[in-house]
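# Chain and residue survey
Okay, here's what each chain looks like letter by letter:
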Amino acid sequence: MMRRLHTSGRFCGSLLALALSAALPGISAAQPARPAKPAPANTAPAPAPSEQFVDGIAAVVNKDVITMREVREAAREASADLQKRGIQVPDNNTLQRQVLQRLIYERLERNEADRLGIRVDNAQVDQAITMVASRNKITPAQLRAEVEKSGITWEQYRKSLQDEIRMDRLRQRTIDSGIVISDAEVDAFLRDQERNPASMMNAPQQAQQPQSQQQQQQPAPQAGGPEQVALAQILVRVPEGATTAEAAALRKKAEDILARLKRGDDFASVAAAASDGPEALQGGVMGARPLDGWPDLFVQAIKSVPAGQVSALVQSGNGFHILKVLQRVGGNAPAQQRPQQPAQQQQPQQPQQPTLAKQGPVQVTQTHARHILIKTSSVMSDDQARQRLEQIRQRLVNGAVKFEDMARQYSQDATAPQGGDLGWVNPGEMVPAFEAGMNALKDGEISQPIMSPFGWHLIQVVERRQHDVADEMQRMRARQILYERRAGPAFEDWVEQLRSQAYIDNRLEKRDRIEQNNR
């Protein structure tokens, strides 16, 4: 379905939400390749570490290669970003190892996007830039000036934005269909909201402010209602198939890290140097969610941990976790204790949540629409999908066939059996590209092929009407919040599954072992 009943704060994209931020994530040039079985091992004698890693291969991910040149460039960017955040930069070997872990995750996701045929062209990047500028109430030219003023080239910004959009589409493609919010869940959520009106939807947005402002403006947490918690983590990963002795050694490593934190070592700096989590180079910050949006293991571990403090060791299928509570708002949260963090350290982002308070009548223009969807894939390119829809459109315009019949025959959406009928659509209910194309049509008109994160569409507007949607909007917002609680953990689980199924040869880990043995 094309309906955007949710927009995950985690997945909206940091570049879209924080367009004028001075610290964009470093993104290296990818060499996409479809995942395949690993090549036979090289039986040639291994060169000395100093020869092997001067400008060689840092890791092999399926059949893709990450070079040391990419690692060094990304490490320089990561070092600058950590300094801006006020986080101590690890030694060079550790920083390279951490950067390589991040590059491996990025490469796995990009390869999967290639396999699914997810692409973003220059026109789509231009459209995103226009939207970012509009949200910041400036022109695209002013946006470019602000970006370049921050020390980032316009080409780097465009490339980062392109990758961000592409990954967002991957996330939509891979997890959206697996998250189903039932009407019964929405009903239960709304009943809970009626009993607890002081909910996390009205929570103060402190996590977006610098710490100095938080200290001046921080109000008392609201009593009652769902609790919202911002967390950071340090993960000591236990590889699948690890022996008992290896698992015990990794537990000892995690216990030693926990002891350092209890002695007062800075959590963000330790995370940057020692965590195996994908957010290590952000100081371990995972963001803010409603309490029940975190895994049950985490919820139990932080049950009585106040803000600014760390949990005991938590063991999961991925390894050993140490959690730091950055902020607690709402519910019966333990008394706040402000974390002792560097003034420049970036605070976790807390997306703006809509209120679910009862409203009066809300009159909107609803659109009754139909559509035909052709999805892109490794065997159906963008050009092929667009050309097929152009041929279908020509037949429709000539009156040779009916839209409903073509939808039943060609559409790859769940609405195909209903002739592509989407019913009555509310403003904001569809993804932006689809909605913009639909809104530009007159009653009875058929669009040109339009691209969205789901593929290519033909849209037909049947009719429009004015309608009171107060109850529907309230339910839609509730559905969005419930989705956001599940989307983050679901995507993290998907990424871990992708990693476990991939062939990964991390040669920096081998380098470190060789150097350690030679000492």
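Residues numbered from 1 in each chain as written. Predicted model: local features only at pLDDT ≥ 70, side-chain atom pairs only at ≥ 80, totals over all residues. Heavy atoms only, no water.

The cut-off we apply is this: UniProt positions are given in the numbering used here, feature names are shortened, and annotations may be inferred rather than shown by experiment.
Labelled according to an unreviewed UniProt entry, the protein chain appears under the name Chaperone SurA, originating from Bordetella genomosp. 1. Heading Catalytic activity (unreviewed entry) of the UniProt record for the protein chain holds this comment: "[protein]-peptidylproline (omega=180) = [protein]-peptidylproline (omega=0)". Here the protein chain is described in UniProt, under the heading Subcellular location (unreviewed entry), as follows: "Periplasm".

### With respect to the side chain of Gln-98
To keep it simple, the criterion reads: Each helix is a run of DSSP H or I of at least 4 residues and each strand a run of E of at least 2, with the numbering of both proceeding from the N terminus. Each residue is assigned to one of three classes by its accessible area relative to the maximum for its type, calculated with a 1.4 Å probe on protein chains only: buried under 20%, partly exposed between the two thresholds, exposed over 50%. Any pair of N or O atoms that falls within 3.5 Å is considered a polar contact. Within protein, one atom must be able to donate a hydrogen and the other to accept it, and sequence-neighbouring residues count only if both atoms are side-chain atoms.
Secondary-structure assignment places Gln-98 in helix 4 (residues 92-115). Residue classification places Gln-98 among the buried positions, given a relative accessible area of 7%. Within the structure, Gln-98 has its side chain in polar contact with the backbone oxygen of Ala-272 (distance 2.9 Å).

### Quick look at the sheet that holds strand 11 (residues 504-506)
Going by this rule: The rule for pairing is simple: two strands pair if DSSP sees at least two bridges between them. Axes, fitted as lines to C-alpha atoms, cover a helix only where it is in contact. Angles between the N-to-C directions of the axes lie from 0 to 180 degrees. Pairs of residues are marked as contacts when any of their non-hydrogen atoms sit within 4.5 Å.
Taken together, the three strands give an open sheet; going across it, the order is 2-1-11, and neighbouring strands pair in antiparallel fashion. The sheet is open, and its two borders are formed by strand 2 (64-67) and strand 11, each paired with just one other strand. With direction set aside, neighbouring strand axes in the sheet form an average angle of 20°. Of the pairings in the sheet, the one linking strand 1 (residues 57-61) to strand 11 comprises three bridges and is antiparallel in character. Its bridge partner being in strand 11, Val-61 is matched across the sheet by Ile-504. Set on the sheet, helix 3 (residues 68-85) makes contact with strand 1 and strand 2; between it and strand 2 the angle comes to about 55°. Its contacts with the sheet place helix 17 (residues 507-518) against strand 1 and strand 11, and it is angled at close to 35° to strand 11.

### Topic: the packing of aromatic side chains
The following threshold applies: For Phe, Tyr and Trp, where Trp contributes only its six-membered ring, two rings pair if their centres lie within 6.5 Å, and the inter-plane angle classes them as stacked under 30 degrees, edge-to-face over 60, or tilted in between. Remark: a charge is flagged as sitting over a ring if the NZ atom of Lys or the CZ atom of Arg is within 6 Å of the ring centre and within 35 degrees of the ring normal.
Per the counting criterion, the structure on display carries two aromatic pairs. Ring geometry for Trp-154 against Tyr-157: centres 5.3 Å apart, planes inclined by 20°, an arrangement best described as stacked. Linking Trp-154 with Tyr-157, this pair stays in helix 7 (residues 154-175), spanning three residues, or about one helical turn. For the pair Trp-154 and Tyr-157, a shared accessibility class is recorded, and that class is buried. Between Phe-491 and Trp-494, the ring centres sit 5.4 Å apart and the planes meet at 25°, which makes this aromatic pair stacked. One end of the pair is Phe-491 and the other is Trp-494, both in helix 16 (residues 470-501) and three residues apart, which spans about a single turn. Accessibility classification places Phe-491 together with Trp-494 in one group, the buried group. The ring of Trp-294 carries Arg-289 above its face, with NZ or CZ at 4.0 Å from the centroid. Seen from the ring of Tyr-105, Arg-499 lies directly overhead, with NZ or CZ sitting 5.1 Å from the centre.

### Points about the pattern of salt bridges
Stated precisely, the cut-off is as follows: One side-chain nitrogen of Lys or Arg within 4 Å of one carboxyl oxygen of Asp or Glu is enough to make a salt bridge.
Scanning the entire structure with this criterion turns up 24 salt bridges. The partner of Asp-163 in a salt bridge is Arg-110, and the shortest N-O contact between them spans 3.3 Å. Remark: Arg-110 occurs in helix 4 and Asp-163 occurs in helix 7; sequence separation between them is 53 residues. Given a relative accessible area of 10%, Asp-163 falls into the buried group. With its nearest N and O atoms 2.1 Å apart, the salt bridge here joins Asp-114 to Arg-166. Here Asp-114, found in helix 4, pairs with Arg-166, found in helix 7; they are 52 residues apart in sequence, far enough to count as distant. Looking at Arg-166, the relative accessible area reads 13%, which means it is buried. Salt bridges sharing partners connect three or more residues here, namely Glu-106, Arg-110, Lys-159 and Asp-163.

### Brief notes about the nonpolar core
Quick note on the threshold: What we call a nonpolar core is a set of buried Ala, Val, Leu, Ile, Met, Phe, Trp, Tyr and Cys residues that are connected through their side-chain atoms within 4.5 Å.
Membership of the largest hydrophobic core comes to 43 residues, with the highest contact counts inside it found for Ile-66, Val-71, Leu-95, Val-99, Leu-100 and Ile-104. Counting only elements with at least two residues in this core, the list comes to strand 1, helix 3, helix 4, helix 7, helix 8 (183-195), helix 11 (267-274) and helix 16. Here this core takes nine residues from helix 16, the largest share from any one element. In contact with Ile-104, other than residues within four places in its own chain, are Ala-59, Val-61, Ile-66, Arg-499, Ile-504 and Asn-506. Of all hydrophobic cores here, the second largest spans 20 residues; its members include Ala-232, Ile-257, Val-270 and Ala-271.

### A look at the confidence of the model for the protein chain
Rules: Per residue, pLDDT measures the predictor's confidence, with a range of 0 to 100.
Across the protein chain, pLDDT averages 78, with 77% of residues at or above 70. Per-element mean pLDDT across the protein chain ranges from 33 in helix 9 (residues 211-217) up to 96 in helix 14 (residues 403-410). Low pLDDT, under 50, characterises residues 198-224; the predicted model gives this stretch 68 contacts beyond four residues in sequence or across chains. Of the regions scoring below 50 in pLDDT, residues 337-354 engages in 63 contacts with residues more than four places distant in sequence or in other chains.

### As for the environment of Gly-428
One can find Gly-428 in the loop between strand 8 (421-425) and helix 15 (432-439). Between the alpha carbons of Gly-428 and Met-473 there is a distance of 9.9 Å; along the sequence they are 45 residues apart.

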